[in-house]
Amino acid sequence: MPNDTDITLTHVTKSYPLGKSRIPIFQDLTMTIPEGDFLAIMGPSGSGKSTILNLIGGIDTVDEGQVAVGHTVLTGMSDAALTQWRAAHIGFVFQFYNLMPMLSAAENVELPLLLTPLSARARQERVRTILDIVGLSERAGHLPSELSGGQQQRVGIARAVAADPKILLCDEPTGDLDRTSADEILDLLQLLNRKLGKTIVMVTHDDSSCRVAKRTLHLDKGKFIQREEELMVCR
Amino acid sequence: MQVSSIMLVRQNLTRKRARSLLLVLSIGIAFFVYGVLSSFQAGFEGSEAKAERLVVVSKIGGNETLPISALDQIAQLPEVAAVTHITRLRAHLIGNERQIIGANAVDPDSYAAVYGDTYKLDPALLAALAADRTGTLVGRTLAEQQGWQVGDRVTLTSFVHANSDGRNWSFTIAGIFDGREPTVDTNFLIVRSDYFNTALQRGRNRVNMFGIKPVPGADPAVLAETIDTAFANSAAQTKTQNETAFLSAFLEQFANVSLIVRMIVSVAFVTILLIVGNTMIFAVRERMQEIGVLKVLGFSGARIMRIVLAETIVLFAVGLALGLLLTSAVIPLLGQALRSVVPELYLTTKSISLAGLLALGFALLTGFLPALNALRLPIVAALRHR
Ligand SMILES: Nc1ncnc2c1ncn2[C@@H]1O[C@H](COP(=O)(O)OP(=O)(O)OP(=O)(O)O)[C@@H](O)[C@H]1O
Ligand SMILES: [Mg+2]
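Residues numbered from 1 in each chain as written. Chains lettered and ligands numbered in written order. Predicted model: local features only at pLDDT ≥ 70, side-chain atom pairs only at ≥ 80, totals over all residues. Heavy atoms only, no water.

Caption draft 1: Quick peek at the overall build of chain B. Looking only at helices and strands, chain B features 14 helices and 13 strands. Taken over the C-alpha trace, chain B has a radius of gyration of 29 Å; the compact-globule value for 386 residues is 21 Å, which it surpasses by more than 25%. Taken across its 386 residues, chain B has 50% of its residues classed as buried. For chain B, long-range pairs separated by at least 24 residues make up 81% of all intrachain contacts whose partners lie at least 6 apart in sequence. Positive and negative side-chain charges of chain B, numbering 34 and 28 respectively, have mean locations separated by a distance of 16 Å. (Helix = DSSP H or I, 4+ residues; strand = E, 2+ residues; numbered from the N terminus. Rg over C-alpha atoms; globule rule 2.2 N^0.38 Å. Buried < 20%, exposed > 50% of the residue type's maximum accessible area, 1.4 Å probe, protein only. Contact = heavy atoms within 4.5 Å. Lys, Arg positive; Asp, Glu negative; His and termini not counted. Charge placed at Lys NZ, Arg CZ, Asp CG, Glu CD.)

Caption draft 2: Fine view of the interface of chain A and chain B. Across the boundary between the two partners, chain A contributes 21 residues, which contact 23 residues of chain B. Surface buried jointly by chain A and chain B totals about 2100 Å² across both partners, of which 70% is contributed by carbon and sulfur atoms. Sorting the residues of chain A by area buried against chain B places A:Met100, A:Met102 and A:Leu114 first, and these three jointly supply 28% of that buried surface. At the junction of chain A with chain B, the criterion picks out one salt bridge. In this structure, B:Arg10 and A:Glu107 form a salt bridge, with 3.2 Å as the shortest nitrogen-oxygen distance. Run the count over chain A and chain B and you get four residue pairs in polar contact (both at pLDDT 80 or more). When contributions to the side of chain A that touches chain B are tallied by element, the ones reaching two or more residues are α2 (79-89) and α3 (105-110) of chain A. (Buried area = accessible area lost by both parts, 1.4 Å probe. Salt bridge = Lys/Arg side-chain N within 4 Å of Asp/Glu carboxyl O. Polar contact = N/O pair within 3.5 Å; in protein donor to acceptor, adjacent residues only side chain to side chain.)

Caption draft 3: Local environment of the domain arrangement of chain B. Here chain B is partitioned into domain 1 (3-46 + 256-384) and domain 2 (60-236). Each of domain 1 of chain B and domain 2 of chain B has a C-alpha centre, and these two points are 47 Å apart. (Domains from an automatic or database assignment.)

Caption draft 4: Here's a closer look at the packing of aromatic side chains. All names here are of chain B. A full pass over the atoms with the stated rule returns 13 aromatic pairs over all chains. Ring centres 4.9 Å apart and planes at 45 degrees place the aromatic pair Tyr-111 and Tyr-115 in the tilted group. In this pair, Tyr-111 and Tyr-115 both sit in helix α4 (residues 108-115), four residues apart, roughly one turn of the helix. Under the relative-accessibility criterion, Tyr-111 is labelled buried at 4%. Exposure remark for Tyr-115: the relative accessible area of 7% places this residue in the buried category. (Phe/Tyr/Trp six-rings, centres within 6.5 Å; stacked < 30°, edge-to-face > 60°.)

Caption draft 5: Local environment of the sheet that holds strand β7 (residues 135-139) of chain B. All names here are of chain B. Across the sheet, which stays open at both edges, the 11 strands sit in the order β5-β4-β8-β9-β7-β10-β6-β3-β12-β1-β13 with mixed pairing between neighbours. Two strands bound the open sheet, and with one partner strand each, they are β5 (100-101) and β13 (238-242). Of the strand pairs in this sheet, strand β3 (residues 80-88) and strand β12 (residues 209-214) are connected by six bridges, and their pairing is antiparallel. The residue of β12 that forms the bridge with Val-80 is Pro-214. Contacts between α4 and the sheet are confined to β3, β6 (103-106), β10 (189-192) and β12, with β3 contributing the most and set at about 120 degrees to the helix. Each of β7, β9 (168-177) and β10 is contacted by helix α5 (residues 123-130), which is oriented at about 155 degrees to β9, the strand it contacts most. (Pairing = 2+ DSSP bridges. Axes fitted to C-alpha atoms, helices over the stretch in contact; angles between N-to-C directions.)

Caption draft 6: Examining helix α4 (residues 120-133) of chain A more closely. All names here are of chain A. With 14 residues, α4 ought to run about 20 Å at 1.5 Å a step, and its terminal C-alpha atoms sit 20 Å apart, in line with that. Taken as a whole, α4 has its buried residues at Arg-123, Val-127, Ile-130 and Leu-131. An end-on view of α4 places all buried positions within 100 degrees of arc, on one side of the element. Those residues of α4 that are exposed and aimed more than 90 degrees away from the buried face are Arg-121, Arg-128 and Asp-132. Check the buried side of α4 and you find it contacts α3 and α5 (149-162). Remark: Gly-135 follows α4 within two positions and exhibits a positive phi of approximately 75 degrees. (Expected span 1.5 Å × (residues − 1). Arc of directions from axis to C-beta.)

Caption draft 7: Just helix α11 (residues 288-297) of chain B, in detail. All names here are of chain B. With 10 of 10 residues buried, α11 lies mostly within the body of the structure. Restricting attention to buried positions, one finds in α11 the residues Met-288, Gln-289, Glu-290, Ile-291, Gly-292, Val-293, Leu-294, Lys-295, Val-296 and Leu-297. Once α11 ends, the next one or two residues include Gly-298, with phi positive near 110 degrees.

Caption draft 8: Summary view of the state of the cysteines. All names here are of chain A. Tallied over the entire structure, the rule returns zero disulfides over all chains. Left without a disulfide partner, Cys-170 is nearest to the cysteine sulfur of Cys-210, which lies 16 Å away. The buried category is assigned to Cys-170, whose relative accessible area is 0%. (Disulfide = S-S within 2.5 Å.)

Caption draft 9: Structural view of the site of ligand 1. Contacts to ligand 1 come from 13 residues, most closely from A:Ser45, A:Lys49, A:Ser50, A:Thr51 and B:Arg384. Mapping the residues near ligand 1 onto chains gives chains A and B. Between an oxygen atom of ligand 1 and a side-chain N or O atom of A:Lys49, the distance comes to 2.6 Å. Taking 630 Å² as the accessible area of ligand 1 by itself, protein coverage stands at 70%. With three residues, helix α1 (residues 49-56) of chain A is the largest single contributor of residues to the shell around ligand 1. Grouping the amino acids of the shell around ligand 1 by side-chain chemistry returns three nonpolar, seven polar and three charged. (Near = heavy atom within 4 Å. Areas by Shrake-Rupley, 256 points an atom, 1.4 Å probe, with all protein chains shown as cover. Nonpolar A, V, L, I, M, F, W, Y, C, P; charged D, E, K, R; others polar.)

Caption draft 10: Spatial organisation of the pattern of salt bridges. Residues and elements named next belong to chain A. Counted under the stated rule, the structure contains 19 salt bridges over all chains. For Glu-110, the salt bridge identified is with Arg-123, shortest N-O distance 2.7 Å. Of this pair, Glu-110 sits in helix α3 while Arg-123 sits in helix α4, and the two are 13 residues apart along the sequence. Assigned by exposure class, Glu-110 and Arg-123 land together as buried. Taken together, the salt bridges that share partners define one network made up of Arg-179, Asp-183, Asp-187, Asp-206 and Arg-211.

Caption draft 11: A nonpolar patch on the surface, seen in detail. All names here are of chain B. A cluster of nonpolar side chains, contributed by Leu-21, Leu-22, Leu-25 and Leu-322, occupies part of the molecular surface with about 370 Å² of accessible area. Here the nonpolar patch gets three residues from one element, more than from any other, and that element is helix α2 (residues 17-45). Tracing the backbone through its elements, the reader meets Leu-22 in helix α2. (Patch = residues over 30% accessible without salt bridge, like charges linked within 9 Å, V, L, I, M, F, W, Y side chains within 5 Å.)

Caption draft 12: Structural context of the pairing of β7(B). Residues and elements named next belong to chain B. By the criterion of burial, β7 is predominantly enclosed, with five of the five residues buried. Here β7 shows two buried faces, one formed by Gly-135, Leu-137 and Gly-139 and the other by Thr-136 and Val-138. Across five bridges, the pairing between β7 and β9 is parallel. Residue pairing in the sheet places Leu-137 in a bridge with Gly-175 of β9. Note that β7 and β10 share three bridges and pair antiparallel. Of the residues in β10, the one forming a bridge with Leu-137 is Ile-190.

Caption draft 13: Spatial organisation of the sheet that holds strand β8 (residues 199-203) of chain A. Residues and elements named next belong to chain A. Taken in spatial order, the six strands of this open sheet run β6-β7-β8-β3-β9-β10, and their pairing is mixed. A strand with exactly one partner marks an edge of an open sheet, and here the two such strands are β6 (90-93) and β10 (223-225). Between one strand and the next, the sheet's axes are offset by a mean angle of 20 degrees, whatever the strand orientation. Pairing of strand β3 (residues 38-42) with β8 involves four bridges; the strand directions are parallel. Note that in β8 the partner of Leu-39 across the bridge is Val-201. On top of the sheet, α1 reaches β3, β6, β7 (167-171), β8, β9 (215-220) and β10; it is set at about 155 degrees to β7, its chief contact. Those strands touched by α5 are β6 and β7, and its axis lies near 170 degrees from that of β6.

Below, the structure is given as structure tokens:
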């Protein structure tokens, strides 16, 4: 029996059209990401790292094979059903934060809560708690443009966990940050994984991310390879 | 629309304040044009025309007259509740040919029976007129325009009708009457036909028209048909219409006001539709990525659609309010200036509710298409959008 949030990709084939032909990204990819995992995915640009996150998050679809999270088979679900499922189960963290520019930090965090039955008061309460966890209580009223990159990404992470999803999908969350800010973000993700039990799948180019990840996989030409020597370095 | 999504609507409206302001202004101007023109039209056509009342004129048209004897025949029809006759004096103020005065010779009691819904012809006024054969009842607008008071002696010169002294006719003002509603045109006077008819040198017992009030529930169209058929083989063939049709046919002799109004208003509205539609296409396109993010967060297409629609509804609602406020501020002034053309400019509730409907329709139209366009884009593509 899979756990509620085990992520399984089974014989997944995915390609994108290019003119009349198609460029294949994956061919017959099978993998499992167990509940509670913190997986870092590395690999060259264009190797399909973001595509994996999109497939798991139900914002892109496979050509063949199947993607499932726990008992929920995403493949074949309608857009509307996927949207609803995603609101409850997935938090996305983007490289460029993708915050709403006209909303304050607190309002950005509140966004996903609008989709829950929580009352306005309960939402405020929750926003305050989460901003506290990411260390931004002082900045609640600031607009994204008034925050540093690291702070914006913390708002992005707060937004991703606001509705309390079990899974966080992070696409190069430290890609736009300096070393210090990047380390703070990695620490924060580690906290979410270790203390709050979030399953995290993180695409990264940042070598030091294996410091916080439980596993690191390298994606190359549509296949995963585990570089044992790297794992050794990090342990 | 959930109350909670208001912050998203707000952020979209405030993101480019100048743009929102300009949109509201252009919508406001279009509804201002609409408001002024429809007030003008309402004033010009008057609200006194009643679709259920009928007007009988000569089929030959123009200034042809009908014999007064036809009245008895019409009165006998069971569908007729009241019938009266009207003869136009076709006169100007003595000594001033340019100052045309609307003056009708009528039988006061039957006139009040037919037109009592439109003019306040109460028993006291009718009694005052009954007491003086050469009396006249003057409409409020005309009396104010000329500065006339009860008891004043008024002399008119008819272009056509002569009495033993020539074409001058003198009357004493027995009273001043009002319309039942502010839009009713009271820029005319009535005199007694018994006096007028006997004083006439030529053309006695001829009238310009009959006014008919059908019994409640009678079909005016059927009654009109009945009357015209009854006189079809007589020397005086009739043309019977309901009053609104009669009045607009009459007005169209001068200008097709409603067509002109409709044309100008359509141009104004097509222009704002293009402006707002175009702006919304760009506004939605530039936040394509945000829409992608909202979908990633789990916002459904319907919810995003509602947020965009709420945005255009707010724009149009504020623009509409602005336009109508401006209209109501301006029409009293404009009414003064146009006093000789239109009795009174008046923003009717009908025009206001039509404006509301139009605004809602435009808001849905200008919001729906761009939003639909954005929603059709796959999330992955929307996220990559710059
Ligand atoms: N919507 C799309 N249409 C066409 N091609 C696409 C689309 N999305 C991705 N691709 C192609 O698929 C391949 C994998 O893309 P993906 O974004 O998953 O790569 P990545 O590993 O995340 O790269 P990077 O490190 O640059 O972000 C690339 O060659 C990309 O050009
Ligand atoms: Mg990528």
